[in-house]
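Geometric and topological summary
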Amino acid sequence: MAERRRQEEIVRLVLELSKTLVSHYQARLADLHLTSPQAMLLHQLDEPLPMNEVAGKLHCDPSNVTGIVDRLEGRGLIERQHLTKDRRVKHLALTAEGRRLRRRVETVLSSAPGLSTLPAADQAALQDLLERSLASGN
């Protein structure tokens, strides 16, 4: 019975931490006039990538990426490029303004309330525990 209560408390704490982090990121990204999917797309574009590869990295359908891209392109943050002979394949690339905003997104994503104040050893231990928990759940 104690083990069951401990597991329930762990689940509660993980969910509470997740809620705290999501709220934090959404508020900080809203300050940049970005949604979470838009920010994650900018985050993925270290170099030009085909749209279908971006969809895979974002774990969503390519049709969803089109809407995100349209909005970011409309703001002048990304552009569609044809980098192969196959003109059907469009690569997404950051514009100069997109690179500037991406740096600000990276700053937001590197902050983690509730985690960043933990000592490095505790962060490493927590990461290990979460990775093992996720691996055993598959």
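As shown above, the structure is provided for reference.
The sections below set out a description of the structure shown in this document. In this text, all values refer to a predicted model and were calculated from it rather than measured experimentally. (Residues numbered from 1 in each chain as written. Predicted model: local features only at pLDDT ≥ 70, side-chain atom pairs only at ≥ 80, totals over all residues. Heavy atoms only, no water.)

Moving on, we come to the sheet that holds strand β1 (residues 49-50). Strand order across the open sheet formed by 3 strands is β1-β3-β2, with antiparallel pairing between neighbours. Since the sheet does not close on itself, it has two edges, and those belong to β1 and β2 (78-81), each with one partner. Alignment of β2 against strand β3 (residues 91-94), held across 4 bridges, turns out to be antiparallel. Looking at the pairing, Glu79 lines up with Ala93 of β3. Of the strands in this sheet, β2 and β3 are in contact with helix α4 (residues 62-74), which crosses β2 at around 120°. (Pairing = 2+ DSSP bridges. Helix = DSSP H or I, 4+ residues; strand = E, 2+ residues; numbered from the N terminus. Contact = heavy atoms within 4.5 Å. Axes fitted to C-alpha atoms, helices over the stretch in contact; angles between N-to-C directions.)

All right, on to helix α1 (residues 2-31) then. End to end, α1 covers 44 Å across 30 residues, agreeing with the expected 44 Å (1.5 Å per residue, within 8%). If you follow the buried residues of α1, they end up packed against α2 (36-44) and α5 (96-110). (Expected span 1.5 Å × (residues − 1).)

It is worth spelling out unusual backbone geometry at this point. Notably, His33 is not glycine yet its phi reads approximately 60°, a positive angle. If you trace the backbone, His33 turns up in the loop between α1 and α2.

With that settled, consider the nonpolar core. In this structure, Leu34, Leu41, Leu42 and Val65 are the most contacted members of the largest nonpolar core, which totals 26 residues. Going through the elements one at a time, α1, α2, α3 (51-58), α4, β3 and α5 are the ones with two or more residues in this core. Among all residues touching Val65, those that are not within four sequence positions of it are Leu41, Met51, Val54, Ala55, Leu58, Cys60 and Leu92. (Core = buried A, V, L, I, M, F, W, Y, C linked by side-chain atoms within 4.5 Å. Buried < 20%, exposed > 50% of the residue type's maximum accessible area, 1.4 Å probe, protein only.)

Keep in mind that these numbers describe shape and distance, not what the molecule does.
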